[in-house]
Amino acid sequence: MSPRIRGLLSIRAWLSARPQAADALLALGLLAVGLPQLFLEKLPADAEFEQFRDPDVLGALLVAAVTMALTWRRRAPMTVLMFVIVGELVLAVLEYPPGVSDIAAFLLAVYGVAAHRGLAHSALGGLVAFAYFVTYLVLLPVSSSPVTMVSDAALVVGVWALGRNLRLRRAYFAELEDRAARLERARGTDARAARIEERSRIARELHDVVAHHVSVMTVQAGAARRIIDRDPGSAREAMSTIEEVGRTALSEMRRIVGVLRTDRDPERAGRELAPQPGLGDLGELLDHVRETGLSVQLWIEGEARPPSPGVDVAAFRLIQEALTNTLKHAGPQARAWVRLYYGDGDLTVEIEDDGRGTATFMGDDADNAGHGLVGMYERVALYGGELKIGPRVGGGFGVRARFPLEA
């Protein structure tokens, strides 16, 4: 960009930021054109023009006052229009001929009222200006044809309509900018809500992880305590399982808590964090549960197909939560079954046990288990699934969920 264009752009920006200064420069420009024309241009040697007096200092001062009033045409457009009309009436009474400056000042004052005031004020100003201009043309000592009078009156109406149209366009663009700003704020609000929802989901994930692994560790620790005297080898094996499960729990907790840190680079965090577990990790989960002494069997029916990532995690966490509750409440002799049934468009997950956990789970300990139940319902509902929880016929407890394969 050339220095000249940059200079013009900077001047334009300066004038846009100072509208009153721009109007003052406009008025000075009109005076620079109108005053020389007033003194140098000779009127026609007709009898009609002999009634006008020659321009003098008083006439020049009146024209300058009328023209410089445009400096305030945006701040007080109606007042400026009235001042210009009164000034031109004084010029007419004193028999000064009309000039370029005062006529242009009148038209700009009409435009200012239409462009910078509401409909009521602008309509009132337009009617006053139109009535004055028609009266001025009629009383002007110079005869004018009807076509000239109509065209001059139409010029006033056209200037008013132009100002009104530009005001409506400015209001329209201002509304568009305001709407864009509101949409931007709404997007920011939605983003914050999404972050809060995601953090709530992560908190539920953390609850599931901690509850499952701590339950496994508690069962193993209790078993090790009971057999440490008579079977030290099995006790050491149980302690090794406790150590392994504890490390796994810490690893998953670090991964999930790391997502909650807002001061990390998201791309870097995404590379560092391992993916959430899914149904592909179900064998490892069942192995951990069997190490506690709970007998668990797995059946897979139908054509196995990979579900969506969210459904994959939700189904895994549901099985994990249900088996954790079985470990807590079913008793030492309980057995559990996990069934996966792949339908045409959905995945059904069933977890059942034959323990004595129904009364305990639904009784005094229900408050402690409530978070797990709420987490199950929310997780399944999040992906458009259905969940049923309750006691089994013949004893024990059952959890049945249906997920759409495509969330």
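Basis of the calculations
Residues numbered from 1 in each chain as written. Predicted model: local features only at pLDDT ≥ 70, side-chain atom pairs only at ≥ 80, totals over all residues. Heavy atoms only, no water. Helix = DSSP H or I, 4+ residues; strand = E, 2+ residues; numbered from the N terminus. Buried < 20%, exposed > 50% of the residue type's maximum accessible area, 1.4 Å probe, protein only. Contact = heavy atoms within 4.5 Å. Areas by Shrake-Rupley, 256 points an atom, 1.4 Å probe, with all protein chains shown as cover. Phe/Tyr/Trp six-rings, centres within 6.5 Å; stacked < 30°, edge-to-face > 60°. Pairing = 2+ DSSP bridges. Salt bridge = Lys/Arg side-chain N within 4 Å of Asp/Glu carboxyl O. Expected span 1.5 Å × (residues − 1). Arc of directions from axis to C-beta. Axes fitted to C-alpha atoms, helices over the stretch in contact; angles between N-to-C directions. 1 Å grid on protein atoms, 1.4 Å probe; cavity = no way out; pocket = protein on both sides within 12 Å on 5 of 7 lines; lining within 4 Å. Points joined across faces, edges and corners; volume = space filled by probe spheres on them. Parallel < 35°, antiparallel > 145°, perpendicular 65-115°, else oblique. Left-handed = near helix turned anticlockwise from the far one by under 90°. pLDDT = per-residue confidence, 0-100.

Trainee: Which parts of the structure should I look at to understand the overall build of the protein chain?
Mentor: Helices and strands together make up the secondary structure of the protein chain, namely 13 helices and five strands. Each of the 407 residues in the protein chain was classed as buried or not, and the buried ones make up 38%. Across the protein chain, the fraction of contacts at a sequence separation of at least 24, relative to all contacts at a separation of at least 6, is 72%. Total accessible area computed for the protein chain in this model is approximately 23,300 Å², and 60% of it derives from carbon and sulfur atoms.

Trainee: Please clarify how the packing of aromatic side chains should be interpreted in this entry.
Mentor: For any pair of aromatic rings, the description rests on two quantities: the centre-to-centre distance and the angle between the ring planes. Scanning all chains against the criterion turns up three aromatic pairs. An angle of 10° between the planes, with centres 5.6 Å apart, marks the rings of Phe 106 and Phe 133 as stacked. Of this pair, Phe 106 sits in helix H5 (residues 100-116) while Phe 133 sits in helix H6 (residues 119-139), and the two are 27 residues apart along the sequence. Phe 106 gets classed as buried once you look at its relative accessible area, which sits at 1%. Assessed through its relative accessible area of 13%, Phe 133 is described here as buried.

Trainee: Which parts of the structure should I look at to understand the pairing of strand E5 (residues 397-404)?
Mentor: Look at any regular strand and the pattern is simple: side chains alternate between the two faces of the sheet. Counted residue by residue, E5 has six buried out of eight residues, so it is predominantly covered. Summarising the sheet, strand E3 (residues 346-353) and E5 pair through eight bridges and their orientation is antiparallel. Directly across from Glu 350, in E5, lies its bridge partner Arg 400. When strand E4 (residues 386-391) meets E5, the two strands line up antiparallel, connected through six bridges. Looking at the pairing, Leu 387 lines up with Ala 401 of E5. The antiparallel pairing of E4 with E5 creates a hairpin that spans five residues between the two strands, and Gly 394 there sits at a positive phi of about 95°.

Trainee: Just checking my understanding: could you explain the pattern of salt bridges for this structure?
Mentor: Any two side chains of opposite charge can pair, so long as their charged atoms come close to each other. Scanning the entire structure with this criterion turns up 13 salt bridges. For the salt bridge of Arg 290 with Asp 287, the shortest nitrogen-to-oxygen distance reads 3.2 Å. Placement of the pair is Arg 290 and Asp 287 together in helix H10 (residues 282-291), with a separation of three residues, close to one helical turn. Arg 290 sits in the partly exposed class, given a relative accessible area of 37%. The class of Asp 287 is partly exposed, set by a relative accessible area of 41%. The salt bridge partner of Arg 392 is Glu 352, with a shortest N-O separation of 3.4 Å. Of this pair, Arg 392 sits in the loop between E4 and E5 while Glu 352 sits in strand E3, and the two are 40 residues apart along the sequence. On the basis of relative accessibility, which here comes to 26%, the residue Arg 392 falls in the partly exposed class. One salt-bridge network, in which partners are shared between bridges, spans Arg 339, Glu 350, Glu 352, Arg 392 and Arg 400.

Trainee: Help me out: how do you make sense of H6 in this one?
Mentor: Because an α-helix completes one turn every 3.6 residues, residues spaced three or four positions apart along the sequence face the same direction. Its 21 residues place the ends of H6 30 Å apart at the C-alpha level, agreeing with the 30 Å of an ideal helix rising 1.5 Å per residue. Looking at H6, one finds that the buried residues are Ser 122, Gly 125, Gly 126, Ala 129, Tyr 132, Phe 133, Tyr 136 and Leu 137. The arc enclosing the buried residues of H6, seen along the axis, measures out at 135°, which places them on a common side. Turned more than 90 degrees away from the buried face of H6, the exposed residues are Ala 120, Leu 127, Val 138 and Leu 139.

Trainee: How should the sheet that holds E4 be read in this particular structure?
Mentor: As summarised here, the arrangement of the five strands in space is E1-E2-E3-E5-E4, forming an open sheet in which the pairing is mixed. In the strand order of this sheet, the two ends are held by strand E1 (295-301) and E4, each with one partner. Within the sheet, the average angular offset between the axes of one strand and its neighbour, ignoring direction, is 10°. Sheet analysis places strand E2 (residues 335-342) next to E3, joined by seven bridges and oriented antiparallel. For Tyr 342, the partnering residue across the bridge sits in E3 and is Leu 347.

Trainee: Any chance you could explain empty space enclosed by the protein here in plain terms?
Mentor: Empty pockets left among the atoms are what a rolling probe the size of a water molecule brings to light. Counted under the stated rule, the structure contains four cavities of 30 Å³ or more. Empty space within the second largest cavity amounts to approximately 50 Å³. If you go around the second largest cavity, the residues you meet are Leu 38, Pro 55, Gly 59, Val 63, Leu 91, Tyr 96, Pro 97, Gly 99 and Asp 102.

Trainee: Is there a simple way to explain the packing of helix H2 (residues 19-40) against helix H3 (residues 57-68) in this structure?
Mentor: Axes are the key here: two packed helices are described by the angle between their axes and the distance separating the axes. Taken N-terminus to C-terminus, the directions of H2 and H3 make an angle of 155°; their axes are 9 Å apart at the nearest point. Classified by the interaxial angle, the pair formed by H2 and H3 is roughly antiparallel. The way H2 lies across H3 gives a crossing that is right-handed. In this structure, H2 contributes Ala 24, Ala 27, Leu 28, Leu 30, Leu 31, Leu 35, Leu 38 and Phe 39 to the contact, and H3 contributes Ala 60, Val 63, Ala 64, Thr 67 and Met 68.

Trainee: I'm lost on H5 in this one. Help?
Mentor: For H5, spanning 17 residues, the distance from its first C-alpha to its last is 24 Å, which sits close to the expected 24 Å at 1.5 Å a residue. Among the 17 residues that make up H5, 14 are buried, leaving the element largely enclosed by the rest of the structure.

Trainee: Is there a simple way to explain the confidence of the model for the protein chain in this structure?
Mentor: Do not read the predicted coordinates in detail wherever pLDDT is low. Residues with a pLDDT of 70 or more make up 80% of the protein chain, whose mean pLDDT is 79. The weakest mean pLDDT in the protein chain belongs to helix H9 (residues 266-272) at 45; the strongest belongs to E2 at 93. In this model, residues 262-273 is a region of pLDDT below 50 whose contacts with residues beyond four sequence positions or in other chains number six contacts. This model gives residues 359-368 a pLDDT under 50, and the stretch forms 11 contacts once residues within four places in sequence are excluded.

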